[in-house]
Amino acid sequence: MPTIAQGVEFSCLAREWRCKFSDDDDMASLKAAQRILEEFQLELLEVVKEFAGSRTGSRTVMNGEIDSGKQLVQRVVSSERNDFKVVVKLPLEQFHAWENKSFEPEARFLEALQKVEGLSVIETQTYTLEVVNLMGKIRVPKASEGCMADSIPTFA
């Protein structure tokens, strides 16, 4: 697993697309940014291999292809700082493959944002993004040791 510094390991990278929106006209620019995100929804879901698009009608077994802790798209909005952000998180290998494709559809997404009056400071950033387990390893008891141990049928 790659390490930034001792004890700071990572297995996922995220690409963030962000901009500032205006409060003008009842936050019209924020609403426009949301509509743009919705227009790119299926393309973004394909990037993270979510169960979307052509996959919804198939019977393809996807065991092991999707890990929602490592593959996701999130939208972040701060009305306090007027931030609109889209974060795409992927495992390293998948991220680098996406990077080799110029983060498609990034250029078209950013171009769409640039056309919206009231959106400014349109930027991108790459960083690590990890789930932090503050509880340590979780022990899941066997059924015979759990709260329903008395109701488990036994066969002679």
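As the structure is a prediction and not an experimental result, all values here were calculated from the model.

## Side note on the side chain of Asn82
Then, in step 1: Relative to the assigned elements, Asn82 resides in the loop between strand E4 (72–78) and strand E5 (83–91).
Then, in step 2: Assessed through its relative accessible area of 14%, Asn82 is described here as buried.
Then, in step 3: Here the side chain of Asn82 touches Asp23 through a polar contact of 3.2 Å, side chain to side chain.
Then, in step 4: Those residues in contact with Asn82 that lie beyond four places of it in its chain are Cys19, Lys20, Phe21, Ser22 and Asp23.

## Description of the nonpolar core
Then, in step 1: Residues Phe84, Trp98, Phe109 and Leu113 are the most contacted members of the largest nonpolar core, which totals 28 residues.
Then, in step 2: Setting aside residues up to four positions removed in sequence, Phe84 forms contacts with Trp17, Arg18, Cys19, Phe21, Leu30, Ala33, Gln34, Leu37, Arg75, Val76, Val77 and Phe109.

## Some words on the packing of aromatic side chains
Then, in step 1: A full pass over the atoms with the stated rule returns six aromatic pairs.
Then, in step 2: Centre to centre, the rings of Trp98 and Phe103 are 5.0 Å apart; their planes meet at 80°, and the pair counts as edge-to-face.
Then, in step 3: On the basis of relative accessible area, Trp98 is assigned to the buried category, the value being 6%.
Then, in step 4: Here Phe103 falls in the buried class, since its relative accessible area comes to 7%.
Then, in step 5: One aromatic cluster is present, built from ring pairs that chain together Trp17, Phe40, Phe95, Trp98, Phe103 and Phe109.
Then, in step 6: The ring of Phe103 is capped by Arg15, whose NZ or CZ atom sits 4.1 Å from the centre of that ring.

## Some thoughts on the pairing of strand E3 (residues 12–20)
Then, in step 1: Along E3, eight of the nine residues are buried, which leaves the element largely enclosed by surrounding structure.
Then, in step 2: As paired strands, E3 and E5 are joined by nine bridges and run antiparallel to one another. By the bridge assignment, Arg18 is partnered in E5 with Lys85.
Then, in step 3: Here seven bridges tie E3 to strand E6 (residues 120–128), and the two strands are oriented antiparallel to one another. Across the sheet, the residue bridging to Glu16 is Gln125, located in E6.

## Concerning unusual backbone geometry
Then, in step 1: With an omega dihedral of 15°, the bond running from Glu104 to Pro105 counts as a cis peptide bond.
Then, in step 2: Considering the arrangement of structural elements, one finds Pro105 in the loop between helix H3 (92–99) and helix H4 (106–114).
Then, in step 3: Not every positive phi belongs to a glycine, and Phe103 is a case in point at roughly 55°.
Then, in step 4: Summarising the element assignment, Phe103 is placed in the loop between H3 and H4.

## Here we look at the layout of surface pockets
Then, in step 1: Considering only enclosed or pocket space, the largest pocket measures out at about 180 Å³ in volume.
Then, in step 2: Lining the largest pocket are ten residues, with Glu46, Val47, Gln94, Trp98 and Lys101 positioned closest to its centre.
Then, in step 3: Counting only elements with at least two residues in the lining of the largest pocket, the list comes to helix H2 (41–47) and H3.
Then, in step 4: In terms of residue count, the dominant contributor to the lining of the largest pocket is H3 (three residues).
Then, in step 5: Residue classes in the lining of the largest pocket are distributed as four nonpolar, one polar and five charged.

## A short note on the pattern of salt bridges
It is possible for side chains of opposite charge to pair when their charged atoms get near one another.
Then, in step 1: Across all of its chains, the model carries eight salt bridges by this definition.
Then, in step 2: With a shortest N-O distance of 3.0 Å, Arg18 and Glu123 are connected by a salt bridge. Here Glu123 lies in strand E6 and Arg18 lies in strand E3, a separation of 105 residues in the sequence.
Then, in step 3: On the basis of relative accessibility, which here comes to 18%, the residue Arg18 falls in the buried class.

Parameters at a glance
Residues numbered from 1 in each chain as written. Predicted model: local features only at pLDDT ≥ 70, side-chain atom pairs only at ≥ 80, totals over all residues. Heavy atoms only, no water. Helix = DSSP H or I, 4+ residues; strand = E, 2+ residues; numbered from the N terminus. Buried < 20%, exposed > 50% of the residue type's maximum accessible area, 1.4 Å probe, protein only. Polar contact = N/O pair within 3.5 Å; in protein donor to acceptor, adjacent residues only side chain to side chain. Contact = heavy atoms within 4.5 Å. Core = buried A, V, L, I, M, F, W, Y, C linked by side-chain atoms within 4.5 Å. Phe/Tyr/Trp six-rings, centres within 6.5 Å; stacked < 30°, edge-to-face > 60°. Lys NZ or Arg CZ within 6 Å of the ring centre and 35° of its normal. Pairing = 2+ DSSP bridges. 1 Å grid on protein atoms, 1.4 Å probe; cavity = no way out; pocket = protein on both sides within 12 Å on 5 of 7 lines; lining within 4 Å. Points joined across faces, edges and corners; volume = space filled by probe spheres on them. Nonpolar A, V, L, I, M, F, W, Y, C, P; charged D, E, K, R; others polar. Salt bridge = Lys/Arg side-chain N within 4 Å of Asp/Glu carboxyl O.

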